[in-house]
Amino acid sequence: MEGLRGWLNLSGLIVSIPHKETMARLVDDLDETAAHSMSVNAVRRHPDGRLVGAMFDGTGFVAGLRAQGHEVAARKVTLVGAGGAGHAIGFALARAGVARLHVVNRTRERGERLAASVAEGTGLVDVRSVDAPSPDDDIVVNATSLGLKPDDPLPFTVDG
Ligand SMILES: NC(=O)c1ccc[n+]([C@@H]2O[C@H](COP(=O)([O-])OP(=O)(O)OC[C@H]3O[C@@H](n4cnc5c(N)ncnc54)[C@H](OP(=O)(O)O)[C@@H]3O)[C@@H](O)[C@H]2O)c1
């Protein structure tokens, strides 16, 4: 990273697993999207060599949903998974104006921490940790590691 600082023709770089958390400690500054999660997936190199980290995993997810015709503003959403991806998506959903956000996680305390962090960081009032998705959800997001392999089960049921 010290070497990249001096590359005059470098505008930035994309960071992938497993370097996202490490990168958050190597850059000079973090924007708001990266500061909450202490995780970075894009670095901009400024002309003076300063490196600033951002996290687009969550905003990218919301943009993808919108591109497929699924608006999240004013919707009731349950987020399943509170790891790195869940963290980024939870903040992005809250900032995109969901009506309420429920967080479900296998390790309950981690889900509770994410819900509290989203509430504090975004001001979303109706956000809490729950046991499972509910029938009145408009959107349920799978942000767990399940789904990476073709024969993985979903971490929740999708019928009724
Ligand atoms: N931009 C992108 O496309 C992008 C970016 C980042 C990640 N991802 C993908 O998102 C997925 C999650 O990544 P991550 O970085 O968030 O991983 P992570 O930080 O390790 O978190 C994993 C999450 O999955 C849950 N989980 C794992 N196994 C489970 C099981 N058998 N049943 C229920 N829950 C389970 C964990 O629950 P516990 O807390 O209980 O362990 C945790 O909430 C990966 O498939 C990754 O490739 C995609």
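Chains are numbered independently. Their residues run from 1 in the order of the written sequence. For a predicted model such as this one, the threshold for reporting local features is a pLDDT of at least 70, and the threshold for listing and counting side-chain atom pairs is 80 or more; totals across whole chains, interfaces and linings nevertheless cover every residue. Derived side-chain values reflect all non-hydrogen atoms in the structure, with water molecules and hydrogen atoms excluded from consideration.

Q: How do you make sense of the domain arrangement of the protein chain when you look at a structure like this?
A: The accessible area lost on association of the parts is a frequent measure of interface size. Segmentation of the chain into domains, including their bounds, is taken from an automatic or database domain assignment. Splitting the protein chain by domain gives domain 1 (2–54) and domain 2 (70–142). For domain 1 versus domain 2, the separation of C-alpha centres amounts to 26 Å.

Q: So what exactly am I meant to see when it comes to the side chain of Thr78 here?
A: Every helix listed is a DSSP run of H or I at least four residues long, and every strand listed is a run of E at least two residues long, numbered separately from the N terminus. Checked against the element boundaries, Thr78 lands in strand 5 (residues 76–80). Look at Thr78 and you get buried, because its relative accessible area is 0%. Polar contacts involving the side chain of Thr78 include one to the side chain of Asp137, which spans 2.8 Å. Type-normalised accessible area, obtained with a 1.4 Å probe on protein chains alone, sets the label of each residue: buried when under 20%, exposed when over 50%, and partly exposed for intermediate values. Throughout this description, a polar contact denotes any pair of N or O atoms lying within 3.5 Å of each other; where both atoms belong to protein, one of them has to be capable of donating a hydrogen while the other can accept it, and for residues adjacent in sequence the pair is counted only when both atoms sit in side chains.

Q: Is there a simple way to think about the pairing of strand 8 (residues 139–142) in this case?
A: Burial along strand 8 is one-sided: Ile139 and Val141 are buried, while Val140 and Asn142, pointing the other way, are not. Two strands form a pair only when DSSP identifies at least two bridges running between them. Two elements, strand 5 and strand 8, share 4 bridges in a ladder whose sense is parallel. Bridging from a neighbouring strand, Thr78 pairs with Val140 of strand 8.

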